[in-house]
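Examining the three-dimensional arrangement
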Amino acid sequence: MELIRGLHNIREKHKGCVLTIGKFDGVHLGHRAVLTNVVERARELGLPSTVMVFEPQPEEVFSPDSAPARLSRLRDKYEQLKAVGIDRLLCVKFDSQFAGMSPEKFVESLLVNQLGIQYLVIGDDFRFGKGRVGDFTTLKKAGDSFGFSVVSTQSFRRKDCRISSTEVRSALANGDFKEAEAMLGRPYEIAGKVVHGEKKGRTIGFPTANVLLKRCKTPVNGVFAVKVNIDKQTVYGVANVGTRPTLDGQRAQLEVHLFDFNKKLYGQTIRVQLMAKLRNEKKFDNFELLHQQIIRDAEQAKVLVGNL
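Thresholds applied
Within each chain, residue numbers correspond to sequence positions counted from 1 in written order. Local features are withheld for residues below a pLDDT of 70 in this predicted model, meaning they are given only at 70 or higher, and side-chain atom pairs are given and counted only at 80 or more; totals for whole chains, interfaces and linings count all residues. Here the side-chain values reflect all heavy atoms present in the structure, with hydrogen atoms and water set aside. Labels follow the DSSP assignment, with helices taken as runs of H or I lasting at least four residues and strands as runs of E lasting at least two, numbered in each case from the N terminus. A 1.4 Å probe rolled over the protein chains alone gives each residue an accessible area, and that area as a share of the maximum for its type sets the label: buried under 20%, exposed over 50%, partly exposed in between. Reported accessibility uses the Shrake-Rupley method at a 1.4 Å probe radius. Residues are deemed covered only where the shown protein chains occlude them. Just so you know, the count uses Lys and Arg for positive and Asp and Glu for negative, and it drops His and the chain ends. We put the charge of a Lys on NZ, of an Arg on CZ, of an Asp on CG and of a Glu on CD. Directions are taken from the helix axis to each C-beta atom, and the arc is the one they span. Any two residues having at least one pair of non-hydrogen atoms within 4.5 Å are treated as being in contact. Within this scheme a cavity is a closed region of a 1 Å grid, computed over the protein atoms alone, that accommodates a 1.4 Å probe without allowing it to escape, whereas a pocket is open but has protein on both sides within 12 Å along at least five of seven lines; lining residues each have an atom within 4 Å of a point. Grid points are joined across faces, edges and corners, and a volume is the space filled by probe spheres set on the points. Throughout this entry, Asp, Glu, Lys and Arg are counted as charged residues, while Ala, Val, Leu, Ile, Met, Phe, Trp, Tyr, Cys and Pro are counted as nonpolar. The remaining residues, Gly among them, count as polar. In this analysis, rings of Phe, Tyr and Trp, with Trp reduced to its six-membered ring, are considered paired at centre separations within 6.5 Å, and the interplanar angle assigns stacked below 30 degrees, edge-to-face beyond 60, and tilted for intermediate values.

A word on the overall build of the protein chain. Looking only at helices and strands, one finds nine helices and 12 strands in the protein chain. In terms of overall dimensions, the protein chain has a C-alpha envelope of 70 × 35 × 35 Å along the principal axes. Burial analysis of the protein chain (308 residues in total) assigns 50% to the buried set. Roughly 15,600 Å² of accessible area belongs to the protein chain as shown, and the carbon and sulfur atoms make up 47% of that amount. Of the charged side chains in the protein chain, 48 are positive and 35 negative; the average position of the first set lies 3 Å away from that of the second.

Printed below as a string of structure tokens:
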């Protein structure tokens, strides 16, 4: 699958496509029902199937404090969209300049002149352009004028499909990973590159693989029993997702202590599957109290994974 980063990288060869636009956060089964139909329609028309997403997401620009937690980063979306069979992913930088584009320019300049869309699949609640005055009706009228078809994503959803990213976030926040898995169509994972940490865990016998969570908010927080696949080996462990308040941490990160595993993982990308929540993150009065709690967490996690 081709990744086009930014409008300035759209070339003449990219003209002509079946397009859908959205956040596709989590790429859950509701999304997949739509995406599969986009792929099928693209094949019928002999055109590339294309997905347009925005980075950062609009809410993260306009109201970062109240923006929803991210289920997936761009890399995660790329992998899931590729698995569905999408041909191209167009990632548009969302900033004040792009947000100020008029609906007319969005349609004529971007959709028609640059992308040459023939078929557009869009949510009927989609808003675009300066002041968010462009809507589904605007696009339908533009389609009639410029000769492209516009259909609602609702046309491609199963009647019993009530899955939403909001519901997936709710299940994760409640520690209901089975329900989240049922909606996603796969286990929920956090992926990222292992970076060097402060190595304090190593001093107490609990070395951790540290992954920075490059997102405004995470949909989960606390301590979890986890499973990680490394070099075709399944390794279990205990993980903390949060800011590490006892150590006066500021940035959200994932810290994973793997049981019976001592290989170095620096620079590698790992995928951490959350299996069960043990407790919320809390601030301890001193590092020794944290140490004692980590021992209890690890013992509880070993019992849990042994029973799953």
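With that settled, the discussion passes to helix 6 (residues 136-146). Every α-helix winds through 3.6 residues per turn, so residues three or four apart in the chain are directed the same way. Burial in helix 6 covers these residues: Phe136, Leu139, Ala142 and Gly143. With its buried residues spanning 120° around the axis, helix 6 presents them on a single face. Along helix 6, exposed side chains directed more than 90 degrees from the buried face belong to Lys141, Asp144 and Ser145. Structurally, helix 6 contributes buried residues whose contacts are with helix 5 (103-114), strand 5 (117-122) and strand 6 (149-152). Remark: Gly147 follows helix 6 within two positions and exhibits a positive phi of approximately 85°.

Okay, the layout of surface pockets next. Computed from the structure, the largest pocket encloses a volume of approximately 1,100 Å³. Lining the largest pocket are 40 residues, and of these Gly22, Lys23, Glu59, Asp125 and Phe126 lie nearest its centre. Among the secondary structure elements, those contributing two or more residues to the lining of the largest pocket are helix 1 (29-45), helix 2 (58-62), helix 4 (96-99) and helix 7 (165-173). For the lining of the largest pocket, the per-class residue count stands at 17 nonpolar, 12 polar and 11 charged.

Turning our attention to the packing of aromatic side chains. Applying the stated criterion across every chain yields a total of eight aromatic pairs. Consider the rings of Phe54 and Phe98, whose centres lie 5.6 Å apart with planes at 45°: the pair is tilted. Of the two residues, Phe54 sits in strand 3 (residues 49-55) while Phe98 sits in helix 4, which places them 44 residues apart along the sequence. Here Phe54 falls in the buried class, since its relative accessible area comes to 9%.

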